[in-house]
Amino acid sequence: MPMVTYVVPDGSTHVVDVPAGQSVMDGSVRNNLPGIVAECGGSCSCATCHVHLDEEFADLFDEASDEERDLLEYAEDRSPHSRLSCQLIVRAGCDGVRLTVPDSNG
Ligand code: FES
């Protein structure tokens, strides 16, 4: 399974197996990692699953939808690499993906 690296708000790093077809948010929640709150459960309506995706991995995921972009406009700590992790669906080629979870998700 693809291994995804999460850098969580306290600076610690967690490497997690995320099955293809699940979201980056799922991988965090299933492993009880801090930082991704995921209040809406993945329906792209809360932005508490905000992450910064390292640029080199951006092409491994679908582009952000208009809905996701709209929500991210209001996210704290927004950067050009901001994504909603519930919209980042892991595929086999995502092994080694790395992302940072901001300290402002709720
Ligand atoms: S979990 Fe709510 S927008 Fe991602």
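A short tour of the structure in this document, coming up. (Residues numbered from 1 in each chain as written. Predicted model: local features only at pLDDT ≥ 70, side-chain atom pairs only at ≥ 80, totals over all residues. Heavy atoms only, no water.)

1. A closer look at the overall build of the protein
Looking only at helices and strands, one finds 2 helices and 5 strands in the protein. Reading the protein from its N terminus to its C terminus gives the helix and strand order β-β-α-β-α-β-β. For 106 residues, the compact-globule formula gives about 13 Å, and the C-alpha radius of gyration of the protein, at 12 Å, lands near that figure. Scored against the burial criterion, the 106 residues of the protein give a buried share of 42%. When contacts within the protein are restricted to residue pairs at least 6 apart in sequence, those whose partners lie at least 24 apart make up 66%. (Helix = DSSP H or I, 4+ residues; strand = E, 2+ residues; numbered from the N terminus. Rg over C-alpha atoms; globule rule 2.2 N^0.38 Å. Buried < 20%, exposed > 50% of the residue type's maximum accessible area, 1.4 Å probe, protein only. Contact = heavy atoms within 4.5 Å.)

2. Brief notes about the side chain of Arg83
Assignment of secondary structure puts Arg83 in strand β4 (residues 82-84). Overall, the relative accessible area of 10% leaves Arg83 in the buried class. In this structure the side chain of Arg83 is engaged in a polar contact, spanning 3.0 Å, whose partner is the backbone oxygen of Asp62. In contact with Arg83, other than residues within four places in its own chain, are Cys49, His50, Val51, Leu53, Phe61, Asp62, Glu63, Ala64, Glu68, Leu72 and Leu88. (Polar contact = N/O pair within 3.5 Å; in protein donor to acceptor, adjacent residues only side chain to side chain.)

3. Examining the state of the cysteines
Throughout the structure, instances matching the rule amount to 0 disulfides. The thiol of Cys44 is unpaired, and the distance to the nearest cysteine sulfur, on Cys86, comes to 5.4 Å. (Disulfide = S-S within 2.5 Å.)

4. Digging into the environment of Val97
On the secondary structure map, Val97 appears in the loop between β4 and β5 (98-100). Under the relative-accessibility criterion, Val97 is labelled buried at 0%. Beyond its immediate stretch of four places on either side in the chain, Val97 contacts Met3, Val4, Thr5, Leu53, Phe57, Leu60 and Phe61.

5. Considerations on the sheet that holds strand β1 (residues 3-7)
Ordered by their spatial adjacency, 5 strands build an open sheet running β2-β1-β5-β3-β4, and the pairing between neighbours is mixed. Among the strands making up the open sheet, the edge pair consists of β2 (13-17) and β4. Neighbour-to-neighbour, the strand axes of this sheet turn through a mean angle of 35 degrees, independent of strand direction. Bridge count between strand β3 (residues 50-53) and β4: 3 bridges; the pairing is antiparallel. Residue pairing across strands places His50 opposite Leu84, the latter belonging to β4. (Pairing = 2+ DSSP bridges. Axes fitted to C-alpha atoms, helices over the stretch in contact; angles between N-to-C directions.)

6. Overview of the pattern of salt bridges
Across all of its chains, the model carries 5 salt bridges by this definition. With a shortest N-O distance of 3.8 Å, Arg69 and Glu63 are connected by a salt bridge. Judged by its relative accessible area of 40%, Arg69 falls in the partly exposed class. (Salt bridge = Lys/Arg side-chain N within 4 Å of Asp/Glu carboxyl O.)

7. Some words on unusual backbone geometry
Unusually for a residue other than glycine, Ala47 sits at a positive phi of about 70 degrees. Of note, Ala47 is situated in the loop between α1 (24-30) and β3. Here Asp77, not a glycine, exhibits a phi torsion of approximately 60 degrees, which is positive. Checked against the element boundaries, Asp77 lands in the loop between α2 (66-72) and β4.

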